Amino acid sequence: MKKLFYTLIVPLVMLTACNTFGTTPQTDTTELWPAGEMMEDGYVLYGYINRSGKMVIKPQFQHAETFSSGYALVSDEHYDDFYINTSGKKLSFKGNGSLFPFYYNFALYNENLKYYYINTDFDYAFETTDDIRFDYCTMPKEGLIPYQRRFNNGRKVYSYMRANHSSKKLEINTKDTIVFAQAKEFIDGYADVKSNNDTEDCWGIINTNLEYTLQPKNCELRNIGNGLFEKTTTDSRQLIDYNGNVIIDDVSNYTILSFLEGEDMTTFHNSITGKYGFMDAKGNIAIQPQYDFTLNFSEGYTVVGNNDEYLKLIDEHNNCVFTFDKDEDIEMLYVHNGLLLTNTFINDEDGSYMLYRYRDTKGNVVYSWKDDNFPVLPCAPRRPQNSRPIKQISLGC
C-alpha cells in the first residue's frame, strides 16, 4: 500500500499534495460525468458518461470539467475554451479572455488582467470599471461577491455585490455605506472581514446582512464552514463559532480542513499522534484520530486507510461501505452525484499507465479507461487557491 496519495477533494495543508479544486454546487444534480476514452492514435479524448457508464456526449475534448449550473467548461483540439450544455451543444461568449466554470449561475471571466462576471445568457453580469475591481472569487450560494473600490488618492475599500437571479445581474446597493479594509468570500452564511476603522490587524465576522456577529478583534480568522472559524492570536489558536463562542479552546495540535459544501463532517490531523480523524458541523470530534491516510467527506463518504491495510470507503458513522482492491494505490478520489472516480498507477506487461475507474457507492465499476500519457493526474480547475475546496474535477489539462 502506498504511503502517499493525492486528492481532488482537499487542499493539502495536511495531506500530501497541494491543489484546491473548484466548487460544484451541492444543488447541481446534472447526471453527466467527464470521462476519457483512448483513441486509435493512443491519445485520450474526453466526453461525458451517464450514471450507467454509457458515453452520451462523445469523446472530442482535450479538456473537460464537471457540469455546474447546467453547463460544462471544455476545450477543443486547439485548447480553445468554450461551454457546452447537457446535449453537448457549443455555447459561445463574445469575449476573447479566459473562461471559468459557472457556479450558481454566474461565471468568472478574465480579460486583459481584469475580472468580470458573466451570466447564463452569456452576457456580462457586471462589467469591471477603473474604480471597481473584483478579486479572484467564484460565486457562493449566498449570492454575495466581494469587490474592491479604488479612489484617485490610492485608497481602496471592500464591500459586497448581490446577485439578482431574476435579472441575472450583479448589483451594488448605492445606499450601502458598509465598507471593509478587506473582505473574504461567504461560506455557509458568514464571512470574515478586516475592519476599516482600525490601524491594527483586526478581523471580525459578518452575516449576509453585512452585520457583525463578532466584532473586529486583533486576531486572524479562517472560515472552515458551517459557521465555524479558526481564531489565531499571538498566543493561542481556538475553534469558535460565528458569534465568537469557543468550541475548542486549544487546536494548536490540530490541522482542520474546511468542510466541503453541504457536508457535516470534515477531516482533522492530530500532530501529536500523527493520526487523522473527523469533526462534525458543531465542532465535536465525531471519529477519533485513528487513520494514517484520509480524504475529506464528500456526499457522506470518504476514503481512509492505515499502513499495511487496503484503503476503504467509509460513511459518516465510520462504517465500512466497501474495501478497494489490493492493487489500488489510489492517488485521488472525486465524488459527484453518487459516482466515485479513482485512479491507480499500473505497471504490468502492457507497460506503465494510469487506470481510472468510476464506481457507484456499492463499489461496482461502471466505467474505466487508461491513459499512458503523462502527466496523468487531473489538474485543478481555475479556482482561487484560498477559496473553499469542493468536488470539481478538470480532466485532460
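Along each chain, residue indices are assigned from 1 in the same order as the chain's sequence is written. With pLDDT at 70 or above as the cut-off, local features in this predicted model cover only qualifying residues; side-chain atom pairs require 80 or more to be listed or tallied, and sums for whole chains, interfaces and linings still use all residues. Heavy atoms throughout the structure, all of them, feed into the side-chain values; hydrogens and water do not.

**Student:** How should the pairing of strand E19 (residues 212-218) be read in this particular structure?
**Tutor:** Along any regular strand the residues' side chains alternate between the sheet's two faces. As paired elements, strand E18 (residues 202-206) and E19 share four bridges and run antiparallel to each other. From the neighbouring strand, Trp-203 faces E19, where its bridge partner is Lys-217. Two strands pair under a simple rule: DSSP has to find at least two bridges between them. Secondary structure counts use DSSP, requiring at least four H or I residues in a row for a helix and at least two E residues in a row for a strand, with both numbered from the N terminus.

**Student:** It is not clear to me how the confidence of the model for the chain should be interpreted in this structure. Could you clarify?
**Tutor:** Should the pLDDT be low somewhere, the predicted coordinates at that spot are not to be read in detail. For the chain, per-residue confidence averages 83 on the pLDDT scale, and residues scoring 70 or more make up 85% of the total. Scored from 0 to 100, pLDDT reflects the predictor's confidence in each residue. We call two residues in contact whenever any of their non-hydrogen atoms come within 4.5 Å of each other. This model gives residues 1-23 a pLDDT under 50, and the stretch forms 96 contacts once residues within four places in sequence are excluded.

**Student:** Would you mind going over the environment of Thr-361 with me for this structure?
**Tutor:** With respect to the helices and strands, Thr-361 occurs in the loop between strand E34 (351-359) and strand E35 (365-371). Residues Thr-361 and Val-335, spaced 26 residues apart in sequence, show a C-alpha to C-alpha distance of 9.5 Å. Those residues in contact with Thr-361 that lie beyond four places of it in its chain are Tyr-301, Leu-313, Val-321, Phe-322, Gly-338 and Leu-340.

**Student:** I'm lost on the pattern of salt bridges in this one. Help?
**Tutor:** The salt bridge criterion pairs a side-chain nitrogen of Lys or Arg with a carboxyl oxygen of Asp or Glu, the two atoms within 4 Å. If you walk through the whole model with that rule in mind, you get eleven salt bridges. Note that Glu-230 is salt-bridged to Arg-222, the shortest N-O span being 3.2 Å. Salt bridges sharing common partners tie together Lys-94, Asp-123 and Lys-169.

**Student:** Could you clarify how one ought to interpret the nonpolar core in this entry?
**Tutor:** Across soluble globular proteins, you tend to see nonpolar side chains buried next to one another. Counting residues in each nonpolar core, the largest one holds 25 residues, and the members touching the most others are Tyr-48, Ile-84, Tyr-358 and Trp-369. With four residues, the top contributor of residues to this core is strand E2 (residues 44-49). If you look at the next biggest cluster of nonpolar residues, it comprises 17 residues, including Phe-106, Ile-132, Phe-134 and Ile-145. Grouping buried Ala, Val, Leu, Ile, Met, Phe, Trp, Tyr and Cys residues that are joined through side-chain atoms within 4.5 Å yields what is termed a nonpolar core. When accessible area is computed with a 1.4 Å probe and restricted to protein chains, residues below 20% of their type maximum are described as buried, those above 50% as exposed, and intermediate ones as partly exposed.

**Student:** Where do I start with the sheet that holds strand E36 (residues 394-395) in this structure?
**Tutor:** Strand pairing in a sheet relies on backbone hydrogen bonds, with the paired strands running either antiparallel or parallel. As summarised here, the arrangement of the five strands in space is E7-E6-E5-E4-E36, forming an open sheet in which the pairing is antiparallel. Of all strands in the sheet, those bounded by a partner on one side alone are strand E7 (90-91) and E36. Pairing between strand E6 (residues 81-84) and E7: two bridges, direction antiparallel. Looking at the pairing, Ile-84 lines up with Lys-90 of E7.

**Student:** Explain the pairing of E18 here, please?
**Tutor:** In terms of residue burial, E18 counts as a mostly covered element, since five of its five residues are buried. Burial along E18 is two-sided: Cys-202, Gly-204 and Ile-206 and Trp-203 and Ile-205, pointing in opposite directions, are all buried. Across four bridges, strand E17 (residues 191-194) lies against E18 in antiparallel orientation. Across the sheet, the residue bridging to Asp-192 is Ile-205, located in E18. Count of turn residues in the E18/E19 antiparallel hairpin: five residues, of which Leu-210 carries a positive phi of about 60°.

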